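Chain residues, written in single-letter form:
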Amino acid sequence: MDRSNGMLYAPVGKAQPVCKPGDFVFAAMSLEHGHIYGMCNGLIEAGATLKWVYDSDPAKVAAFLETYPGVTAASSEAQVLEDAEVHLVAAAAIPSERCELGLKVMSHGKDYFTDKTPFTTLEQVSSARAKAAETGRKYMVYYSERLHVESAVHAGRLIQDGVIGRVVQVMGTGPHRLNAPSRPDWFFRHQQYGGILCDIGSHQIEQFLFFAGCRDAKVLSSKVGNYANPAYPELEDFGDATLLGDNGATNYFRVDWLTPGGLGTWGDGRTVILGTDGYIELRKYIDIARHPQGDHLYLVNGEGEFHMELQGKVGYPFFGELILDCLERTEFAMSQEHAFKAGELCVIAQNEAMRIQENHI
């Protein structure tokens, strides 16, 4: 895995199948973002069978087939959507096109698993809600900074066990390295990528809702700006927001494309979770100047101070739970409302954000 580029973040875990080969068949489509590889890895490790791949770009398909030999390249989108064997379609389309593809997938009686961010407009949120209600199909989202990070998975378990009491605040940082020459054109077009709070901010809002146990939240303030990339005027390289959950928990997060070249990975992502009886800090991808690997969890509560190195020790249970949810029509991996609410709040934060102008800097 390329640790210098977050667009290529695709963790590989241990095989922990929850079904037999052929019991859960899926397809990959719209290979615009490298996260599709992490999505497929997680599903395959949980026992899913990857049958098809489709993208209009033959080069993307060829690269995909090198990673997943034995998969069949579909000749059209329809060939995938009309295959009765396919339970789920995983896709990483251009952000502004993710909802439209999801509506097609659900209309064909299949569950949909999209890369984040799931939406770029509130109209898309409404359309997806209506289609999910109409069809009974799932519109799941790859919020990888929680679902595919072992320290974040373990933090969720500790919180559920009451180790830090009631969560009252979540603070998150989501810095990313820009790697501008490697980015596709759509990445720099605001209408297509949706803005920084929609894009990488989606991870932060989803984590807040999950860790704090919120079903809803209000965006109290948000702002975006472009501090260091005037060559890309539609890019936002900085954004932050403050939210208030429906249970009284609060959230502040900051996201940016300002990771310096000297960092040993693509971003020093961190989360600090404050509870009434203790707190947790996650150093997800690196422990700077101390340890080059990630998945460090620091815990302080009434019992003492603890440091846990969790890489390779926890696994990624979301993918197996998602497969079983699709087969059994349950909601253990993630509720549909949670997936939609996180995406909706990202769009609200983006729409309401104050744009930092040069004369404010």
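It should be emphasised that the depicted structure is a prediction, and the values quoted were computed from it without experimental measurement.

**A word on the overall build of the protein chain**
Phase 1: Assigned secondary structure in the protein chain consists of eleven helices and 15 strands.
Phase 2: For the protein chain, the C-alpha radius of gyration of 20 Å lies close to 21 Å, the compact-globule estimate for 361 residues.
Phase 3: Seen along its three principal axes, the alpha-carbon backbone of the protein chain occupies a region of about 55 × 50 × 40 Å.
Phase 4: For the protein chain, buried positions account for 58% of its 361 residues.
Phase 5: Restricting the contact set of the protein chain to residue pairs at least 6 apart, pairs at least 24 apart contribute 70%.
Phase 6: Summed over its atoms, the accessible surface of the protein chain is roughly 14,700 Å², and 52% of this surface lies on carbon and sulfur atoms.
Phase 7: Averaging the locations of the 31 positively and 46 negatively charged side chains of the protein chain gives two centres separated by 2 Å.

**Focus: the UniProt feature "domain: Gfo/Idh/MocA-like oxidoreductase N-terminal" (unreviewed entry) in the protein chain**
Phase 1: Sites flagged by UniProt as "domain: Gfo/Idh/MocA-like oxidoreductase N-terminal" (unreviewed entry) map to residues 47-143.
Phase 2: The distance from the first to the last C-alpha atom of residues 47-143 is 20 Å, and the span holds 40% helix and 25% strand.

**Side note on the sheet that holds strand β11 (residues 270-275)**
Phase 1: Pairing in this open sheet of nine strands is mixed, and the strands run β14-β13-β12-β11-β7-β10-β9-β8-β15 from one edge to the other. Every other strand in the sheet has two partners, leaving β14 (304-309) and β15 (354-355) as the edge strands with one partner each.
Phase 2: Across eight bridges, the pairing between strand β8 (residues 217-225) and strand β9 (residues 238-245) is antiparallel. When the sheet's bridge partners are listed, glycine 225 is paired in β9 with phenylalanine 238.
Phase 3: Packing against the sheet, helix α7 (residues 150-160) makes contact with β7 (167-175), β11, β12 (278-283), β13 (296-301) and β14, and its axis sits at approximately 170 degrees to β12.
Phase 4: On the sheet, helix α9 (residues 201-212) packs against β7, β8, β9, β10 (250-256), β11 and β12 and is oriented at approximately 160 degrees with respect to β7.

**Points about the pattern of salt bridges**
Phase 1: For the structure shown, the criterion picks out 22 salt bridges.
Phase 2: The closest approach of N and O atoms between glutamate 206 and arginine 146, which form a salt bridge, is 2.7 Å. Residue glutamate 206 is found in helix α9, and its partner arginine 146 is found in helix α6 (residues 144-147); the two are separated by 60 residues along the sequence. Both residues of the pair, glutamate 206 and arginine 146, belong to the buried class.
Phase 3: Among the salt bridges present, the one from aspartate 287 reaches arginine 283, with a minimum N-O distance of 2.8 Å. The burial state of aspartate 287 is the same as that of arginine 283; both residues are buried.
Phase 4: It is possible to trace a salt-bridge network through shared partners that takes in Asp268, Arg270, Glu281, Arg283, Asp287 and Arg290.

**Some remarks on the nonpolar core**
Most often, soluble globular proteins keep nonpolar side chains buried together rather than apart.
Phase 1: By size, the foremost hydrophobic cluster in this structure holds 110 residues, and its most contacted members are Ile36, Leu43, Phe64, Phe113 and Ile280.
Phase 2: It is helix α11 (residues 336-351) that provides the largest number of residues to this core, a total of seven residues.
Phase 3: Mapped onto the domain boundaries, this core takes at least three residues apiece from domain 1 (6-145 + 317-333) and domain 2 (147-315 + 348-355).
Phase 4: With residues near it in sequence (within four places) discarded, phenylalanine 113 still touches Met39, Leu43, Leu88, Val89, Ala90, Ala91, Met140, Val141, Tyr142, Phe318, Phe319 and Leu322.

Cut-offs used in this document
- Residues numbered from 1 in each chain as written.
- Predicted model: local features only at pLDDT ≥ 70, side-chain atom pairs only at ≥ 80, totals over all residues.
- Heavy atoms only, no water.
- Helix = DSSP H or I, 4+ residues; strand = E, 2+ residues; numbered from the N terminus.
- Rg over C-alpha atoms; globule rule 2.2 N^0.38 Å.
- Buried < 20%, exposed > 50% of the residue type's maximum accessible area, 1.4 Å probe, protein only.
- Contact = heavy atoms within 4.5 Å.
- Areas by Shrake-Rupley, 256 points an atom, 1.4 Å probe, with all protein chains shown as cover.
- Lys, Arg positive; Asp, Glu negative; His and termini not counted.
- Charge placed at Lys NZ, Arg CZ, Asp CG, Glu CD.
- UniProt positions renumbered as here; feature names shortened; annotations may be inferred.
- Pairing = 2+ DSSP bridges.
- Axes fitted to C-alpha atoms, helices over the stretch in contact; angles between N-to-C directions.
- Salt bridge = Lys/Arg side-chain N within 4 Å of Asp/Glu carboxyl O.
- Core = buried A, V, L, I, M, F, W, Y, C linked by side-chain atoms within 4.5 Å.
- Domains from an automatic or database assignment.

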